[in-house]
Amino acid sequence: MTTAAGLSVTDLSWAPRRGGTPLLHPASFEVAAGRVLGVVGPNGAGKTTLLRLLYRFHRPRTGTVCIGGDDIWRLSATDVARRVAAVLQEHPSDFALTVAEIVALGRTPHRRGFGGAAGARDRDIIHASLAQLDLHHLAHRHLGTLSGGERQRVMVARALAQEPRLLILDEPTNHLDIRHQLEVLDLIRTLPLTIVTSLHDLNLAAGVCDDVLLLDAGRCVGFGPPCDVLSEAALSGVFRVNARRERLAPSNTDHLTFHLSNKGNPQ
Ligand SMILES: Nc1ncnc2c1ncn2[C@@H]1O[C@H](COP(=O)(O)OP(=O)(O)OP(=O)(O)O)[C@@H](O)[C@H]1O
């Protein structure tokens, strides 16, 4: 049984070239073990760049990323893979592998030596991961024959099979119909892991995340509970729209709506 690990980010910045313009300006924040952080912001704000730093794809220009108290650049790649799993927007192109084979790849960091045989525990975990994402009926299908939404669920199942302590998700609801969006978000809420997820849908972010981090042109301009960070003023400024927070009846919940500034604001 894995346990969630806290994430601690200190003065983290990144630029593609030494001396180049930073795509992420120094940012510091903490995510306590078991919490869900949503990363939001307009296209090109730096969400994917930040996530890539968290799963050790980019080496920081400045600062550190600590998971469970350890700097990820002081750990081996295998140790990082035992702590962090990432579900990315781009899917692997090994279309000839079956769904079960792709999910089994999630066990790789836990095997002794590459190519080590799967044991009973590996098989149990693969089975449970397929079940959690409702994939058993697709287990023997080749990835290349699946729809975009089915592939997305396979990638989440592979990440769960990795038994990470921190799960990174880049737009996990992409390609998913409303039912599967709700199922993946429900799963996110119930997993006993620390989760960092980018989300474009700000109402989904407000509904599923404990905290949100708002990025604008590579700068962290807000961090905290959704009701504080996703204010009308902040969203209107960052997304250059008129953002309104409205109260829905009869559910009595908040809902954000957006209008282009030059088109007036329906009352
Ligand atoms: N390796 C790179 N070299 C140069 N520019 C890059 C590199 N990676 C990202 N960028 C640029 O950095 C900016 C932020 O990109 P990023 O993918 O992090 O944004 P994002 O917030 O995830 O955007 P979206 O919502 O469109 O997915 C973009 O302008 C992008 O073109």
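Here the structure is shown first, and the text comes after it.
Residues numbered from 1 in each chain as written. Predicted model: local features only at pLDDT ≥ 70, side-chain atom pairs only at ≥ 80, totals over all residues. Heavy atoms only, no water.

**Some thoughts on the site of the ligand**
For step 1, the next point in the chain: In the neighbourhood of the ligand, the contacting residues comprise Trp14, Pro16, Leu23, Pro42, Asn43, Gly44, Ala45, Gly46, Lys47, Thr48, Thr49 and His200.
For step 2, the next point in the chain: A distance of 2.8 Å separates an oxygen atom of the ligand from a polar side-chain atom of lysine 47.
For step 3, the next point in the chain: Surface burial for the ligand is 59%, taken as the share of its 640 Å² of free accessible area covered by protein chains.
For step 4, the next point in the chain: With three residues, the top contributor of residues to the shell around the ligand is helix α1 (residues 47-54).
For step 5, the next point in the chain: Residue composition of the shell around the ligand, grouped by class: five nonpolar, six polar and one charged. (Near = heavy atom within 4 Å. Polar contact = N/O pair within 3.5 Å; in protein donor to acceptor, adjacent residues only side chain to side chain. Areas by Shrake-Rupley, 256 points an atom, 1.4 Å probe, with all protein chains shown as cover. Helix = DSSP H or I, 4+ residues; strand = E, 2+ residues; numbered from the N terminus. Nonpolar A, V, L, I, M, F, W, Y, C, P; charged D, E, K, R; others polar.)

**What about the packing of aromatic side chains?**
Given two aromatic rings, one states the distance between the centres and the angle between the planes to describe the pair.
For step 1, the next point in the chain: Evaluation of the coordinates by the stated rule reveals two aromatic pairs.
For step 2, the next point in the chain: Between the aromatic rings of tyrosine 55 and phenylalanine 57, the centroid separation amounts to 6.4 Å while the plane-to-plane angle is 50 degrees, which identifies the pairing as tilted.
For step 3, the next point in the chain: Taking NZ or CZ as reference, arginine 56 lies 4.6 Å from the ring centre of tryptophan 73, over its face. (Phe/Tyr/Trp six-rings, centres within 6.5 Å; stacked < 30°, edge-to-face > 60°. Lys NZ or Arg CZ within 6 Å of the ring centre and 35° of its normal.)

**A closer look at unusual backbone geometry**
For step 1, the next point in the chain: The residue after alanine 249, namely proline 250, is reached through a cis peptide bond having omega 5 degrees.
For step 2, the next point in the chain: Here proline 250 lies in the loop between β11 (242-248) and β12 (253-259).
For step 3, the next point in the chain: One non-glycine residue with positive phi stands out, namely arginine 240, at about 55 degrees.
For step 4, the next point in the chain: Its place among the elements puts arginine 240 in the loop between α9 (232-239) and β11.
For step 5, the next point in the chain: Taking the relative accessible area as the measure of exposure, arginine 240 reaches 69% and is therefore exposed. (Buried < 20%, exposed > 50% of the residue type's maximum accessible area, 1.4 Å probe, protein only.)

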